[in-house]
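Survey of secondary and tertiary structure
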Amino acid sequence: MTEDVRWLSDAEQRAWRAYLRANRMLWSALDQQLQRDSGLPHAYYLILVALSECPDRTSTMSELATLAGTSPSALSHAVGRLEAQGWVSRCRNTGNARIVLATLTDEGFAALAGAAPGHVGEVRRMIFDRLGPEQVAQLAEICSAIAGEDPAWP
């Protein structure tokens, strides 16, 4: 079956490995910064951000998993931890008891607001301070193409 494989060209291999190095470096730096400055794992920060952008800071757990880019089981564990800190609350939907809603509390919003400046600073330092305006537009276009999204969002 190896005759059916479309192996990467040298240029594609270089691009793929550069992407992997940059991705690992970026996620590691963002996680370290958030842990150091806010005691918050990057995955939890993404959950808080997703909830902060939802109407009434509330989402179904299944939609929140999609928004935060995580699995339902990992989300459930993370939300349990955030709930124990008082940053998120969960309840059953009154119209359908099978649906669980997660809500970002005022305390959670305050924690997010406290963590956001350092996070944005690290994102700027790691990405945008290293790129020119044309490269930023290219980055948006490339990442959107990979994700199958509209590069004009939002």
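Up top is the structure these notes are about.
Residues numbered from 1 in each chain as written. Predicted model: local features only at pLDDT ≥ 70, side-chain atom pairs only at ≥ 80, totals over all residues. Heavy atoms only, no water.

1. Some thoughts on the sheet that holds strand β1 (residues 58-60)
Overall, antiparallel pairing links the three strands, which are arranged β1-β3-β2 in an open sheet. Taken across any chain shown, the strands that pair with only one partner, and hence form the sheet edges, are β1 and β2 (88-92). Looking at each pair of strands side by side, their axes are set apart by 25 degrees on average, direction ignored. Relative to strand β3 (residues 100-104), β2 runs antiparallel, the two being bridged by five bridges. Within β3, the residue paired with V88 across the bridge is L104. (Pairing = 2+ DSSP bridges. Helix = DSSP H or I, 4+ residues; strand = E, 2+ residues; numbered from the N terminus. Axes fitted to C-alpha atoms, helices over the stretch in contact; angles between N-to-C directions.)

2. A few points about a nonpolar patch on the surface
Where nonpolar side chains cluster on the molecular surface, the patch consists of L8, W16 and Y19 and spans about 320 Å² of accessible area. Along the chain, the position of L8 falls in the segment before α1 (10-38). L8 gets classed as partly exposed once you look at its relative accessible area, which sits at 45%. (Patch = residues over 30% accessible without salt bridge, like charges linked within 9 Å, V, L, I, M, F, W, Y side chains within 5 Å. Areas by Shrake-Rupley, 256 points an atom, 1.4 Å probe, with all protein chains shown as cover. Salt bridge = Lys/Arg side-chain N within 4 Å of Asp/Glu carboxyl O. Buried < 20%, exposed > 50% of the residue type's maximum accessible area, 1.4 Å probe, protein only.)

3. Overview of the pattern of salt bridges
One pass over the structure, following the stated rule, counts four salt bridges. Close ionic contact of D106 with R57 constitutes a salt bridge, the shortest N to O distance being 2.5 Å. Of the two residues, D106 sits in helix α5 (residues 106-126) while R57 sits in the loop between α2 (42-52) and β1, which places them 49 residues apart along the sequence. In this structure, the salt-bridge partner of E122 is R125, at a minimum N-O distance of 2.8 Å. On the criterion of helical spacing, the pair formed by E122 and R125 is a turn pair, its members being three residues apart in helix α5. On the basis of relative accessibility, which here comes to 10%, the residue E122 falls in the buried class.

4. Considerations on the nonpolar core
Core analysis: the largest hydrophobic core is formed by 23 residues, its most contacted members being L40, I47, L48, L64 and L82. Contributing elements (two or more residues each) for this core: α2, α3 (61-68), α4 (72-84), β3 and α5. Element by element, the count of residues in this core is highest for α2, at six residues. Beyond its immediate sequence surroundings of up to four residues, L82 is in contact with L40, Y44, I47, L48, W87 and V88. Counting residues in hydrophobic clusters, the runner-up holds five residues, among them A29, L30, M126 and I127. (Core = buried A, V, L, I, M, F, W, Y, C linked by side-chain atoms within 4.5 Å. Contact = heavy atoms within 4.5 Å.)

5. Some details on the pairing of β3
Examined bridge by bridge, β1 and β3 share three bridges and lie antiparallel to one another. Residue S59 lies in a different strand from β3, and its bridge partner there is A102.

6. Things to note about helix α6 (residues 133-147)
Here α6 is 15 residues long and its end C-alpha atoms lie 21 Å apart, about the 21 Å a rise of 1.5 Å per residue gives. A positive backbone phi angle near 70 degrees is found at G148, which sits one or two residues after α6. (Expected span 1.5 Å × (residues − 1).)

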